[in-house]
Amino acid sequence: MAKDSFLVGLIGAGIGPSLSPALHEREADRQGLRCLYRLIDIDVLGVRPEAVGDLVRAARDLGFDGLNITHPCKQLVIGHLDALDPQAEALGAVNTVVFENGRATGHNTDVTGFAASFARGLPDVPLERVVQLGAGGAGAAVAHAMLTLGAGRVTVVDALADRAAELAASLNRHFGEGRAAAATPDRLPRLLADADGIVHATPTGMAAHPGLPFPADLLRPELWVAEVVYRPLETELLRTARALGCATLDGGGMAVFQAADAFRLFTGREPDAARMLGDIAELAGVVGAPK
């Protein structure tokens, strides 16, 4: 008999505003499934990100079917898993853990999630020179997605120079030499002056981390701006970019498409991403986020 009840959760910091519980539970309800989705916030628990291994083990022992993993634990969790799917292994980042037969397997649905959202929301923008701000767990996935979508060259900018260099080297190994480069934030003015677009993949702009990730005067109307943050849907970066006339993409589509892929891994059922896109727009409106 097919399983029809699932217990899943999200591990991360400052995740109170997350819409993941509602996205998963609503789609499960429509499919006649029972899904209980719990937030496991390390800030609320008062533990460091390095405690993610203990939290994963506890969830497995308590009978969870799986977990989503978000900032700042996507890379830290890897050493605590039994296996990785090829995509997660290539990225060095995990956003979904599935428990089966006592084993914890890490996956990454951020790559396919961002690629689907970008292709849908910014289908015709130039991709020859892309700047990406952020080389963490989400950044690794987004950079892979951009190169998969055909970006000519992605320059990864991060305050941690070694992290940016490691990601660029990994991208070049995977996609070919010269496809990626690393830079520090002091080079942003020159990089953005020549870029086709920028992908923002840091926590800045989240409900718990408000503000702009770089000075507003570095934006110009010809630059497209893609955001990974989805709570709120309209970050200060997107609001500023839209006011200048930039083509923009909010993080809502990535949130939905990665959630749909995670839902498939957790339940073995096929989600309806179009319905889930409607959910996120409605949910953001309910909690007062700008549309």
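Because the structure is predicted, anything quoted here is derived from the model rather than measured.

Q: Help me understand the environment of Gly139 in this model?
A: Assignment of secondary structure puts Gly139 in helix α6 (residues 137-148). On the basis of relative accessible area, Gly139 is assigned to the buried category, the value being 0%. Spatially, the C-alpha atom of Gly139 lies 23 Å from that of Asp217, the residues being 78 residues apart in sequence. Ignoring sequence-local partners within four residues, the contact set of Gly139 consists of Gln132, Gly134, Leu167 and Ala201.

Q: Looking at this model, I keep getting lost on the confidence of the model for the protein chain. Mind explaining?
A: Should the pLDDT be low somewhere, the predicted coordinates at that spot are not to be read in detail. Within the protein chain, residue pLDDT values average 94, and 97% of them lie at 70 or more. With pLDDT under 50 throughout, residues 286-291 is counted as low confidence; its partners more than four residues away or in other chains account for ten contacts.

Q: Looking at this model, I keep getting lost on the pairing of strand β3 (residues 66-69). Mind explaining?
A: When a strand is regular, its side chains alternate between the sheet's two faces. Of the two faces of β3, the one lined by Gly66 and Asn68 and the one lined by Leu67 and Ile69 are each fully buried. Where strand β1 (residues 5-12) lies against β3, four bridges are found, and the strand directions are parallel. Each bridged residue has a counterpart across the sheet, and for Leu10 the counterpart in β3 is Asn68.

Q: What is the right way to read the sheet that holds β1 from this model?
A: Strand pairing in a sheet relies on backbone hydrogen bonds. The paired strands run either parallel or antiparallel. Here we have six strands laid out as an open sheet, ordered β2-β1-β3-β5-β6-β4, and mixed in their pairing. Whereas interior strands pair on both sides, the edge strands pair on one side only; in this sheet they are β2 (34-41) and β4 (83-84). Pairing of β3 with strand β5 (residues 96-100), which is carried by three bridges, proceeds in the antiparallel orientation. Residue pairing across strands places Asn68 opposite Thr96, the latter belonging to β5. Contacting β1, β3, β5 and β6 (103-107), helix α10 (residues 252-267) crosses the sheet at an angle of about 10 degrees to β5.

What counts as what
- Along each chain, residue indices are assigned from 1 in the same order as the chain's sequence is written.
- With pLDDT at 70 or above as the cut-off, local features in this predicted model cover only qualifying residues; side-chain atom pairs require 80 or more to be listed or tallied, and sums for whole chains, interfaces and linings still use all residues.
- No hydrogens and no water enter the side-chain calculation; it runs on all heavy atoms of the structure.
- Secondary structure is summarised from DSSP: a helix means a run of H or I of at least four residues, a strand means a run of E of at least two, and numbering begins at the N terminus for each.
- Accessibility here uses a 1.4 Å probe with only protein chains present; expressed as a share of the type maximum, an area under 20% marks a residue as buried, one over 50% as exposed, and anything in between as partly exposed.
- Every residue pair with non-hydrogen atoms within 4.5 Å of one another is taken to be in contact.
- pLDDT expresses how confident the predictor is about each individual residue, on a scale running from 0 to 100.
- DSSP-based pairing: two strands are paired if at least 2 bridges between them are found.
- Every axis corresponds to a line fitted to the C-alpha atoms, with the helix fit spanning only the stretch in contact, and the corresponding angles, defined between N-to-C directions, vary from 0 to 180 degrees.

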